[in-house]
Amino acid sequence: YPPLPKGWTPNWKGLSSRGNEAATRALAIPGMSEAGWTMADLLASTAAAKDNDRQRNHLKSELLAIVRKIEEQHFAWPFREPVDTSEVKDYLEVINEPIDLYTIDKRIRKGGHYKSKKQMYTDMMTMVNNCKTYNDATSPYYECATNLEKYLKTIFSE
């Protein structure tokens, strides 16, 4: 498309009203009306986008709060960081899906990975099961996994 002429200003006359400034600005772009866009289309798309953003941000905040609650527990220490595979050489031979609180936190902050609390709960339970699979039932790691599992049931039953 050719550049807008110098001094060009949008024709906002009759378009602007309270609460729809973004749609008004979009409709003022040359070619928008000609392409078939209406004020109703633009209002619907911006309202839906804002609602989706609001929902995503709410879920993100909720998930991060859950991770913080878990990290504060005295039995969460084995799960805060990834297992150091340079120290635990056979870990990846035994565990196919390694996961930890740091990785979960990173996934939440990046966005888009977790669409629900249930998905994060699944990763948390994978973390617990990995620990129980790799460690002996008499180890302190196994005990932490058992305590975390009980705690997860209380958090996710809400």
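Everything quoted here is computed from the prediction, not taken from an experiment. (Residues numbered from 1 in each chain as written. Predicted model: local features only at pLDDT ≥ 70, side-chain atom pairs only at ≥ 80, totals over all residues. Heavy atoms only, no water.)

(A) Up close: the packing of aromatic side chains. This model, assessed by the stated rule, comprises four aromatic pairs. Summarising the aromatic geometry, the rings of Y121 and F156 are spaced 4.8 Å apart at their centres and angled 55° between planes, so their arrangement reads as tilted. With Y121 in helix α5 (residues 117–134) and F156 in helix α6 (residues 140–156), the pair connects residues that are 35 residues apart, well separated along the chain. Overall, Y121 belongs to the partly exposed group, its relative accessible area being 24%. (Phe/Tyr/Trp six-rings, centres within 6.5 Å; stacked < 30°, edge-to-face > 60°. Helix = DSSP H or I, 4+ residues; strand = E, 2+ residues; numbered from the N terminus. Buried < 20%, exposed > 50% of the residue type's maximum accessible area, 1.4 Å probe, protein only.)

(B) Main features of the environment of L43. With respect to the element layout, L43 can be found in helix α2 (residues 39–71). Judged by relative accessible area, which is 32%, L43 ranks as partly exposed.

(C) Spotlight on α6. Compared with an ideal rise of 1.5 Å per residue, which puts 17 residues at 24 Å, α6 spans 24 Å between its outermost C-alpha atoms and is within 8% of the ideal. For α6, the complete set of buried residues consists of C144, A145, L148, E149, Y151, L152, I155 and F156. (Expected span 1.5 Å × (residues − 1).)

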